[in-house]
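Architecture and fold: a report
One letter stands for each residue in the lines below.
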Amino acid sequence: MLSSKRRANSFTISQGTELKHVTKFAAIFCALTLLFASIFTFEPAGVNLTAEADGRAECVVELSTGRVLYSRNADQKLPMASTTKIMTALLIIEDCDLDEVITVPDEAVGVEGSSIYLKRGEVISVKDLLYGLMLRSGNDSATALAIHHSGDTQKFAEAMNARAAEMGAESTHFTNPSGLPDESHYTTAKDLSLIACEAMKNDTFKTIVSTRKYTGEYRSYLNKNKMLSRVEGANGIKTGYTLKAGRCLVSSAEREGMDIICVVLNCPDMYERSEKLIENAFAQFELAKIDKNTVFMCGIVPCNIAKDAKVLIKKGEEITIKTYLTNSDDTIKQGDKVGKLEIYCQNDLIFSGDLYSIVNR
């Protein structure tokens, strides 16, 4: 039961309602019902997003909201091969001058696995190394960048772990910058989606991983990520493979402002599976904006949220909007926090935010 200080108004929005017009002080239930029908529109999806998965671990997330749309074995700790380089690249972008020119250290020459074939004493920019890291998956590039950043690869791995902890990737541990096999080098599909989302919010990172052909001052590369040509709106991000990790892929695609991040680990048909998961996500979900000027009612107090917000909605499902009056003061001034707004899709809370009075009362 709600106390007198937390009284709730609840509204259920069904498919097919249209907004005609909203007056400023219309009846509470009528106003909100009409208002939100104009914000959220639905179409039948006709696609089963939870179709049987082929890979050992999968996670699909919407970038701006961080909402997990689908997962399978997403908390299982697994090796992730060269998708490790997502974190390597992000740290370099955040901490280093990309225009700086460095000399390739001896430790970066002849590193096993995929390579951009750095030569001892070669002069190259951090930027060209970074593109070689993400477009060609150069393990030698990863080593050179790690040493440039931290002095050696072990200290760089410590920095990677610290950054992962900041993101909430608690089931991840790095021992090297490239993803070469190590029993203590692992992540989960869920953690890797967190890392990927953080990286894709960085404009420089996003530009790099979406580049199909790069021509730098010292090196030029073609991006070997096939997702860029397979999926509409694809904009990254990283492939990976070792015998121990299997085929791994972190991919991203953006359409109409909604960006889907997809992680598959140890997935033999990683491109086909990732494409299917991404297409299913776009078919089933849509991103809606809640304008900060939208008027809500807490009791008899008209109010709004502080800034524009986004919510991710599953098409065709019922939306319920609840407002709670939490301020029982006799006098309320414009701008005072007066309540709470909660939006549910079926029984899932998809948005929660404070409401502020737009009048003096």
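Above this text sits the structure in question.
Residues numbered from 1 in each chain as written. Predicted model: local features only at pLDDT ≥ 70, side-chain atom pairs only at ≥ 80, totals over all residues. Heavy atoms only, no water.

Once that is clear, we can look at the pairing of strand β8 (residues 234-242). Among the nine residues in β8, eight count as buried, and that is most of the element. Where β8 lies against strand β9 (residues 246-255), eight bridges are found, and the strand directions are antiparallel. Note on β9: the bridge partner recorded for T239 is L249. Taking the residues that link successive antiparallel strands as the turn, the β8-β9 hairpin has three residues. (Buried < 20%, exposed > 50% of the residue type's maximum accessible area, 1.4 Å probe, protein only. Helix = DSSP H or I, 4+ residues; strand = E, 2+ residues; numbered from the N terminus. Pairing = 2+ DSSP bridges.)

The next subject is the nonpolar core. Within the largest apolar cluster, 59 residues are counted, with the highest numbers of intra-cluster contacts made by L130, M134, F205 and L265. Contact partners of L130, with chain neighbours within four places excluded, come to A89, I92, I93, L98, S141, L145 and I208. Core analysis: the second largest hydrophobic core is formed by 22 residues, V60, L69, L249 and L312 among them. (Core = buried A, V, L, I, M, F, W, Y, C linked by side-chain atoms within 4.5 Å. Contact = heavy atoms within 4.5 Å.)

The buried count for helix α3 (residues 126-135) comes to nine of ten residues, which makes it a mostly enclosed element. Among all positions in α3, only V126, D128, L129, L130, Y131, G132, L133, M134 and L135 are buried. Where α3 ends, the next residue or the one after it, S137, has phi of about 60°, a positive value.

Turning our eyes to something else, we now look at a nonpolar patch on the surface. A grouping of V101, V123 and Y218 is seen on the molecular surface, where their side chains present a nonpolar patch of about 220 Å² in accessible area. Assignment of secondary structure puts V123 in strand β5 (residues 123-125). (Patch = residues over 30% accessible without salt bridge, like charges linked within 9 Å, V, L, I, M, F, W, Y side chains within 5 Å. Areas by Shrake-Rupley, 256 points an atom, 1.4 Å probe, with all protein chains shown as cover. Salt bridge = Lys/Arg side-chain N within 4 Å of Asp/Glu carboxyl O.)

What follows concerns the layout of surface pockets. Of the voids in this model, the largest pocket is the one considered here, and its volume is about 340 Å³. Lining of the largest pocket is provided by 21 residues; of these, S82, S114, K224, G240 and Y241 occupy positions nearest its centre. Those elements giving two or more residues to the lining of the largest pocket turn out to be β8 and α9 (270-284). Residue contributions to the lining of the largest pocket peak at five residues, all from β8. Residues belonging to the lining of the largest pocket are distributed by class as follows: six nonpolar, ten polar and five charged. The volume enclosed by the second largest pocket comes to roughly 210 Å³. Together, R255, E256, M258, F282, F285, E286, L287 and K315 line the second largest pocket. Here the lining of the second largest pocket takes three residues from strand β11 (residues 285-290), the largest share from any one element. Looking at side-chain class alone, the lining of the second largest pocket contains four nonpolar, no polar and four charged residues. (1 Å grid on protein atoms, 1.4 Å probe; cavity = no way out; pocket = protein on both sides within 12 Å on 5 of 7 lines; lining within 4 Å. Points joined across faces, edges and corners; volume = space filled by probe spheres on them. Nonpolar A, V, L, I, M, F, W, Y, C, P; charged D, E, K, R; others polar.)

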